[in-house]
Amino acid sequence: DTEVTQTPKHLVMGMTNKKSLKCEQHMGHRAMYWYKQKAKKPPELMFVYSYEKLSINESVPSRFSPECPNSSLLNLHLHALQPEDSALYLCASSQQRGFNQPQHFGDGTRLSIL
Amino acid sequence: AQTVTQSQPEMSVQEAETVTLSCTYDTSESDYYLFWYKQPPSRQMILVIRQEAYKQQNATENRFSVNFQKAAKSFSLKISDSQLGDAAMYFCAYRSASSGGSNYKLTFGKGTLLTVNP
């Protein structure tokens, strides 16, 4: 069982839709991450939150909007996505960024853009 | 910038045998961390093993062990007594230990797809 829970597991949306991906962890971790992963490729970092504040944005297009309502939750709001945004979106958390603690990943949300 | 290279896109092993996955990296830093992650078809990235660069002793976790050669910048993963459940994509990853902003980031290799044959 994963300690990082992501919902939904699958999402199909049109290019004009607005949807959100959710991530939850109860391990007391203070750093949370969003990754994008294309098939047979390694994950690519999108955003990092540290103590509920956005600390890193890896030049992600504005159609992706992250939000961290509290220390346990991380959302990714999606709007006007493109077909090339179809991918597996992984959430991860770690005790604190910059420390030796590994990142714990969720199962991901498989996103398909029609 | 750091780079991580996994030169074996695919590997196969017979059940109960041993297999070694290779990983090399390039960095100018002296302090860093190295990880092996496993991603089965279920999609979750699972930490297999980690190594601190300042430790000379190779990390081990049950059937998984690493051969860390800091001077050669090599970090290979050995899986002993391979099991069907070991079949997955394996990613080697590097993380800086510097006090700057780069220590948040995992730099991944391209992955090695491991097949375990019964």
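This text goes with the structure placed above it.
Note that the structure is a prediction, hence the values are computed from the model and not measured.

*Asks:* In this structure, what is going on with the overall build of chain A? I would like to understand it.
*Replies:* Each helix and strand in chain A was counted, giving zero helices and 11 strands. When the helices and strands of chain A are listed from N to C terminus, the series reads β-β-β-β-β-β-β-β-β-β-β. The C-alpha radius of gyration computed for chain A amounts to 13 Å, which stays within 12% of the reference 13 Å derived for 114 residues, consistent with globular compactness. For chain A, with 114 residues in total, the buried portion stands at 47%. When contacts within chain A are restricted to residue pairs at least 6 apart in sequence, those whose partners lie at least 24 apart make up 55%.

*Asks:* Could you clarify how one ought to interpret the sheet that holds strand β3 (residues 18–25) of chain A in this entry?
*Replies:* Strands in a sheet are paired, the pairing made by backbone hydrogen bonds, and the direction either parallel or antiparallel. Residues and elements named next belong to chain A. Pairing in this open sheet of four strands is antiparallel, and the strands run β1-β3-β8-β7 from one edge to the other. One side of each edge strand has no neighbouring strand; the edge strands of this open sheet are β1 (4–7) and β7 (64–70). Within this sheet the neighbouring strands show an average axis-to-axis angle of 20 degrees, counted without direction.

*Asks:* I would appreciate a short explanation of the nonpolar core in the present structure.
*Replies:* Soluble globular proteins tend to pack their nonpolar side chains together in the buried interior. Residues B:Tyr25, B:Trp36, B:Phe75, B:Leu77 and B:Tyr90 are the most contacted members of the largest nonpolar core, which totals 25 residues. Contributions of two or more residues to this core are made by β3 (19–21), β5 (32–39), β6 (46–52), β8 (64–69), β9 (74–79), β10 (88–96) and β12 (112–117) of chain B. Broken down by element, the residue count for this core peaks at four residues, all from β10(B). Residues contacting B:Phe75, with those up to four places away along its chain left out, are B:Cys23, B:Tyr25, B:Leu34, B:Phe35, B:Trp36, B:Gln51, B:Val66, B:Asn67, B:Phe68 and B:Cys92. One finds A:Leu11, A:Val60, A:Leu78 and A:Leu111 within the second-largest nonpolar core, a separate group that totals 22 residues.

*Asks:* Help me understand the interface of chain B and chain A in this model?
*Replies:* The parts lose accessible area when they come together, and the size of an interface is often stated as this lost area. On the chain A side, the residues contacting the 22 residues of chain B number 30 residues. Summing the contributions of chain B and of chain A, the shared interface buries around 2,100 Å²; its carbon and sulfur component is 51%. Considering only the surface of chain B that becomes buried against chain A, B:Arg43, B:Arg95 and B:Tyr104 emerge as the three largest contributors, covering 35% of it. Inspection of the region where chain B meets chain A yields one salt bridge. Of the charged contacts, one joins A:Glu58 and B:Lys105 as a salt bridge, the two residues approaching to 3.1 Å between their closest N and O atoms. Inspection of the chain B/chain A interface yields seven residue pairs in polar contact (both at pLDDT 80 or more). Looking at the side of chain B that touches chain A, the elements that each hand over two or more residues are β5, β6, β10 and β11 (106–108) of chain B. Looking at the side of chain B that touches chain A, its residues break down into 10 nonpolar, six polar and six charged.

Calculation notes
- Residues numbered from 1 in each chain as written.
- Chains lettered and ligands numbered in written order.
- Predicted model: local features only at pLDDT ≥ 70, side-chain atom pairs only at ≥ 80, totals over all residues.
- Heavy atoms only, no water.
- Helix = DSSP H or I, 4+ residues; strand = E, 2+ residues; numbered from the N terminus.
- Rg over C-alpha atoms; globule rule 2.2 N^0.38 Å.
- Buried < 20%, exposed > 50% of the residue type's maximum accessible area, 1.4 Å probe, protein only.
- Contact = heavy atoms within 4.5 Å.
- Pairing = 2+ DSSP bridges.
- Axes fitted to C-alpha atoms, helices over the stretch in contact; angles between N-to-C directions.
- Core = buried A, V, L, I, M, F, W, Y, C linked by side-chain atoms within 4.5 Å.
- Buried area = accessible area lost by both parts, 1.4 Å probe.
- Salt bridge = Lys/Arg side-chain N within 4 Å of Asp/Glu carboxyl O.
- Polar contact = N/O pair within 3.5 Å; in protein donor to acceptor, adjacent residues only side chain to side chain.
- Nonpolar A, V, L, I, M, F, W, Y, C, P; charged D, E, K, R; others polar.

Without other data, these values stay purely geometric and don't point to any function.
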